[in-house]
Amino acid sequence: MKKMLSAAGVALLTALTAVFAFGQPAQAATGFSVSNGRLYDANGTEFVMRGVNHAHTWYPQQTSSFANIKALGANTVRVVLASGDRWTKNSAADVANVISLCKANRLICVLEVHDTTGYGEDGAATTLAKATDYWLSIADVLKGQEKYVIVNIGNEPFGNQGYSAWTTDTSNAIKRLRAGGLTHTIMVDAPNWGQDWSFTMRDNAGTVFNADPQRNTVFSIHMYGVFDTAAEISDYLGRFRTAGLPIVVGEFGFNHSDGNPDEDAIMSYAQTNRIGYLGWSWSGNGGGVEYLDMTTGFNPAQLTSWGQRIFNGANGIAATSREASVYAGSSPSPTTSPTTSPSPTTSPSPTTSPTPPPTTTPPPAGGCTATLTVVNSWQGGFQGDVKVTAGSAAITGWTAKWTFANGQTVSQAWNATVSGSGSAWTARNVDYNGRLGAGASTTFGFIGNGSAATPAVTCSAS
């Protein structure tokens, strides 16, 4: 996302309609794959992205955002990362933790490098080649996660100058990622600050698709002021559909400094034509575009008008999102399953591990139960998930308690207020998840220090 387009980017060019020639995927990926312009998960089930962008690299402490985004219905989160060329580099261990948070919350992770934004016009931006260097440097934590991760090479990789290099630079980046052993579905952004008013991506998408030896590339258009009419939206997206090339709306808003995008048309066309969309953005915007925050201060209980629109409005996330089938427990179609990636040598990375079954305590009528599950663990730490379920009557609040046996502590938590005294720990609902109907559930999570443990949890209701 860029704050403003230059005036040169406002006019749409009238390039000739492209003729895209491409074949079927040369081989199935171990995770997501593309066929006939559609995206399929590892079970061979069509997957349509419904989600939002989250500025993780600037707000790394906001790890609760993943659970909160999921709770509002999203099936995908596009995560802002930095390669170190413009902003502080996200380490391999940090990226591994982001992936674990996506998996723990049953979200598909679209990981993107933001340092490329506006290259050629913004002197601080870096190249797609540099972004590719970054992906290859953290390849160990990406490999084995093909069922859950899509690699978005670089955000808005050209501004309104020098964008004629987009086709060659994007093709070369894809080839290098494949040569480096990454078999994930790759996502590529359009030039012109992502909006492709020059139709460079539209008219050269077939060439870029064919440059991928796995034919496993998805194209991403960002829709802001350039796309302020339904006709422009349907024409652009429709040309990809006609050509049989996969397209998603990787960013869009309800307003912008360069014009007023037609979010209703974007969401309606995407739903009718099974095209993914990812709104910008969860929270934390600045520089005059704070109106693009979906939540106030990262609080899911304080949705802005834009947040209400994208989550709860017509053709919104809550009504149209479908969770990826890889989280449903069905057997994947590939004959070999991805393996857990090795941990980086600099710092241990979370890995999914077998855990003992959770323990529950039967509640009295009108009470509640709580179930603690370890969803990830690593050397010296683990991530716990607690599910709180109301009994036979509605409740207005809940308190969960447990005792660690071996000195474990809680370092951070989300969706609950957690406190400890010695080995005893208490979690209380926050203002937006205390009221539960009979039989209804909510979840909260925490990061624990020490060996993974699943103590019995008691629950009391009010």
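Check the entry above for the structure.
These numbers come from a predicted model, not from an experiment.

Rules and cut-offs
Residues numbered from 1 in each chain as written. Predicted model: local features only at pLDDT ≥ 70, side-chain atom pairs only at ≥ 80, totals over all residues. Heavy atoms only, no water. Pairing = 2+ DSSP bridges. Helix = DSSP H or I, 4+ residues; strand = E, 2+ residues; numbered from the N terminus. Axes fitted to C-alpha atoms, helices over the stretch in contact; angles between N-to-C directions. Disulfide = S-S within 2.5 Å. Buried < 20%, exposed > 50% of the residue type's maximum accessible area, 1.4 Å probe, protein only. Core = buried A, V, L, I, M, F, W, Y, C linked by side-chain atoms within 4.5 Å. Lys, Arg positive; Asp, Glu negative; His and termini not counted. Salt bridge = Lys/Arg side-chain N within 4 Å of Asp/Glu carboxyl O. Polar contact = N/O pair within 3.5 Å; in protein donor to acceptor, adjacent residues only side chain to side chain. Contact = heavy atoms within 4.5 Å. Phe/Tyr/Trp six-rings, centres within 6.5 Å; stacked < 30°, edge-to-face > 60°. Lys NZ or Arg CZ within 6 Å of the ring centre and 35° of its normal. Expected span 1.5 Å × (residues − 1). Arc of directions from axis to C-beta. 1 Å grid on protein atoms, 1.4 Å probe; cavity = no way out; pocket = protein on both sides within 12 Å on 5 of 7 lines; lining within 4 Å. Points joined across faces, edges and corners; volume = space filled by probe spheres on them. Nonpolar A, V, L, I, M, F, W, Y, C, P; charged D, E, K, R; others polar.

## Digging into the sheet that holds strand β20 (residues 458-461)
Taken together, 4 strands build an open sheet; the order of strands is β17-β18-β15-β20 and the sheet is antiparallel. If you trace the sheet from one side to the other, it starts and ends with β17 (417-421) and β20, each paired once. Going across the sheet, the axis of each strand differs from the next one's by a mean of 20°, ignoring polarity. Two elements, strand β15 (residues 398-403) and β20, share 4 bridges in a ladder whose sense is antiparallel. Paired with W398 across the two strands is A461, which belongs to β20.

## With respect to the state of the cysteines
Within this structure, the stated rule accounts for 2 disulfides. The disulfide partner of C102 is C109, and the gap between their sulfur atoms is 2.0 Å. Torsion about the S-S bond of the C102 and C109 cystine: about 70°, corresponding to right-handed handedness. On the accessibility criterion, C102 (1% relative accessible area) is buried. With relative accessibility at 0%, the residue C109 sits in the buried group. Residue C368 pairs covalently with C459 via a disulfide, S to S 2.0 Å. Handedness here is read from the sign of the S-S torsion; for C368 and C459, about -100°, the answer is left-handed. Here C368 is found in strand β13 (residues 368-378), whereas its partner C459 is found in strand β20, with 91 residues between them in sequence. Each member of the pair, C368 together with C459, is buried. Here the disulfide map of the chain reads 1-2, 3-4, the bonded cysteines being numbered as they appear in the sequence.

## Observations regarding the nonpolar core
The biggest cluster of nonpolar side chains holds 101 residues, and the ones touching the most others in it are L111, W135, L142, I153, F219, I221 and L237. Looking at this core element by element, the count peaks at 7 residues for helix α2 (residues 92-104). Counting residues in hydrophobic clusters, the runner-up holds 23 residues, among them C368, I395, W425 and A427.

## Let's talk about the side chain of D196
Within the secondary structure layout, D196 lies in the loop between β7 (186-189) and α6 (200-211). Although D196 is buried, it forms no salt bridge, and the closest oppositely charged side chain is R202 at an N-O distance of 6.1 Å. Within the structure, D196 has its side chain in polar contact with the backbone nitrogen of T200 (distance 2.8 Å). Residue contacts for D196: discarding those within four places in its chain leaves A190, P191, M201, R202, I221 and Y236.

## Digging into the sheet that holds strand β9 (residues 247-252)
Strands sit in the order β3-β4-β5-β6-β7-β8-β9-β10 around a closed barrel of 8 strands; the barrel is parallel. Neighbour-to-neighbour, the strand axes of this sheet turn through a mean angle of 25°, independent of strand direction. Here 5 bridges tie strand β8 (residues 217-223) to β9, and the two strands are oriented parallel to one another. In the strand pairing of β9, I221 is matched with V249. Contacts from helix α1 (residues 64-71) reach β3 (50-54) and β4 (76-81) within the one sheet, and its direction differs from that of β3 by about 155°. Running over the sheet, helix α8 (residues 263-272) touches β3, β8, β9 and β10 (276-279) and is turned about 155° from β9.

## Description of the packing of aromatic side chains
Applying the stated criterion to the full structure yields 22 aromatic pairs. Relative to F311, the ring of W282 lies with its centre 6.0 Å away and its plane at 85°, an arrangement referred to as edge-to-face. One end of the pair, W282, is in the loop between β10 and β11 (295-296); the other, F311, is in helix α9 (residues 305-312), and 29 residues separate them in sequence. As far as the burial class goes, W282 and F311 line up, both buried. An aromatic cluster is defined as three or more aromatic residues linked by ring pairs; in this entry it consists of F382, W398, W402, F404, F444 and F446. The ring centre of F199 lies 4.0 Å from the NZ or CZ of R202, which sits over that ring.

## So, helix α5 (residues 166-179)
If you check α5, its first and last C-alpha atoms are 20 Å apart, about what 14 residues at 1.5 Å a residue would give, namely 20 Å. Within α5, the full set of buried residues consists of W166, T167, T170, S171, A173, I174, L177 and R178. The buried residues of α5 all sit within an arc of 160° when viewed along its axis, so they share a single face. Looking at the buried residues of α5, the elements they touch are α3 (128-137), β7, α6 and β8. Immediately downstream of α5, the backbone of G181 shows phi near 95°, a positive value.

## Thoughts on empty space enclosed by the protein
Tallied over the full model, the rule gives 3 cavities of 30 Å³ or more. Taken as a whole, the largest cavity encloses approximately 120 Å³ of empty space. Lining of the largest cavity is provided by 15 residues; of these, L39, I247, V248, R274 and G276 occupy positions nearest its centre. If you list the elements that add at least two residues to the lining of the largest cavity, you get β2 (38-40) and β9. Residue composition of the lining of the largest cavity, grouped by class: 9 nonpolar, 2 polar and 4 charged.

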